[in-house]
Amino acid sequence: MSEQPDFEYLEIGGAKYVSASLLANRLGVSRQTLWRWRTAGKIPAGHLYRSRQLIFTVAEAVDAYAYGTRIEPADTLANADQMALFTARKRGAK
């Protein structure tokens, strides 16, 4: 289980939000990476504030943070298939 981050919040209408820039910074990824994760459905979509700033509710930010800091086991079968591509090139190389 990943640690819960300590976010700086934007308060809008009495609710707390986290900006996409701050979330990306805390995760050590670019805003483009957050965009890819959002479009792939891996993290919540968030909300647009004033039609331009992407923000996340605190719960959404915590979910995105958990996804961004997850540790997964390596799939040895998938890696073996991938390695076959590289070893085949080496054998055919001159």
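If you're wondering where the values come from, they're calculated on a predicted model, not measured in any experiment.

Draft legend 1. Fine view of the sheet that holds strand β4 (residues 53–57). The four strands lie next to each other as β1-β2-β4-β3, forming an open sheet whose pairing is antiparallel. Two strands in the sheet have a free side with no partner beyond their single neighbour: β1 (10–12) and β3 (47–49). Between one strand and the next, the sheet's axes are offset by a mean angle of 50 degrees, whatever the strand orientation. Lying over the sheet, helix α3 (residues 58–68) contacts β2 (15–19), β3 and β4, oriented at roughly 90 degrees with respect to β4.

Draft legend 2. Main features of the packing of helix α1 (residues 20–27) against helix α2 (residues 31–39). As a packed pair, α1 and α2 sit with axes 9 Å apart at the nearest point and diverge in direction by 100 degrees. Compared by their axis directions, α1 and α2 come out roughly perpendicular. Contacts between α1 and α2 involve Ala20, Ser21, Leu23, Ala24 and Leu27 from the former and Arg31, Leu34 and Trp37 from the latter.

Draft legend 3. The arrangement of the pairing of β2 in detail. Of the pairings in the sheet, the one linking β1 to β2 comprises three bridges and is antiparallel in character. Paired with Leu10 across the strands is Tyr17, a residue of β2. Linking β1 back to β2 in an antiparallel pair, the connection comprises two residues, with Gly13 at a positive phi of about 60 degrees. Pairing between β2 and β4: three bridges, direction antiparallel. Its bridge partner being in β4, Tyr17 is matched across the sheet by Thr57.

Draft legend 4. Highlighting the pattern of salt bridges. A complete count under the given rule lists two salt bridges for this structure. Two residues, Arg26 and Glu8, come together in a salt bridge whose shortest N-O distance is 3.7 Å. With Arg26 in helix α1 and Glu8 in the segment before β1, this pair connects stretches of sequence that are 18 residues apart. By relative accessible area, Arg26 is classed as partly exposed at 33%.

Draft legend 5. Expanded view of the nonpolar core. Ranked by size, the top nonpolar core spans 16 residues in total, and within it Phe7, Leu23, Leu34, Ile43 and Phe56 carry the most contacts. Only α1, α2, β4 and α3 provide two or more residues apiece to this core. The greatest single-element share of this core, amounting to five residues, is contributed by α1. For Ile43, the contacting residues outside a window of four places in its chain are Leu34, Trp37, Arg38, Phe56, Ala64 and Tyr67.

Draft legend 6. Geometry of the packing of aromatic side chains. The full count for this structure, using the stated rule, is two aromatic pairs. Between Phe7 and Tyr65 the ring centres are 6.3 Å apart and the planes differ by 90 degrees, which places this aromatic pair in the edge-to-face class. In this pair, Phe7 sits in the segment before β1 while Tyr65 sits in helix α3, placing the two residues 58 residues apart along the sequence. The same class applies to Phe7 and to Tyr65, which are both buried. Summarising the aromatic geometry, the rings of Trp37 and Tyr67 are spaced 5.1 Å apart at their centres and angled 80 degrees between planes, so their arrangement reads as edge-to-face. Here Trp37, found in helix α2, pairs with Tyr67, found in helix α3; they are 30 residues apart in sequence, far enough to count as distant.

Basis of the calculations
- Residues numbered from 1 in each chain as written.
- Predicted model: local features only at pLDDT ≥ 70, side-chain atom pairs only at ≥ 80, totals over all residues.
- Heavy atoms only, no water.
- Pairing = 2+ DSSP bridges.
- Helix = DSSP H or I, 4+ residues; strand = E, 2+ residues; numbered from the N terminus.
- Axes fitted to C-alpha atoms, helices over the stretch in contact; angles between N-to-C directions.
- Contact = heavy atoms within 4.5 Å.
- Parallel < 35°, antiparallel > 145°, perpendicular 65-115°, else oblique.
- Salt bridge = Lys/Arg side-chain N within 4 Å of Asp/Glu carboxyl O.
- Buried < 20%, exposed > 50% of the residue type's maximum accessible area, 1.4 Å probe, protein only.
- Core = buried A, V, L, I, M, F, W, Y, C linked by side-chain atoms within 4.5 Å.
- Phe/Tyr/Trp six-rings, centres within 6.5 Å; stacked < 30°, edge-to-face > 60°.

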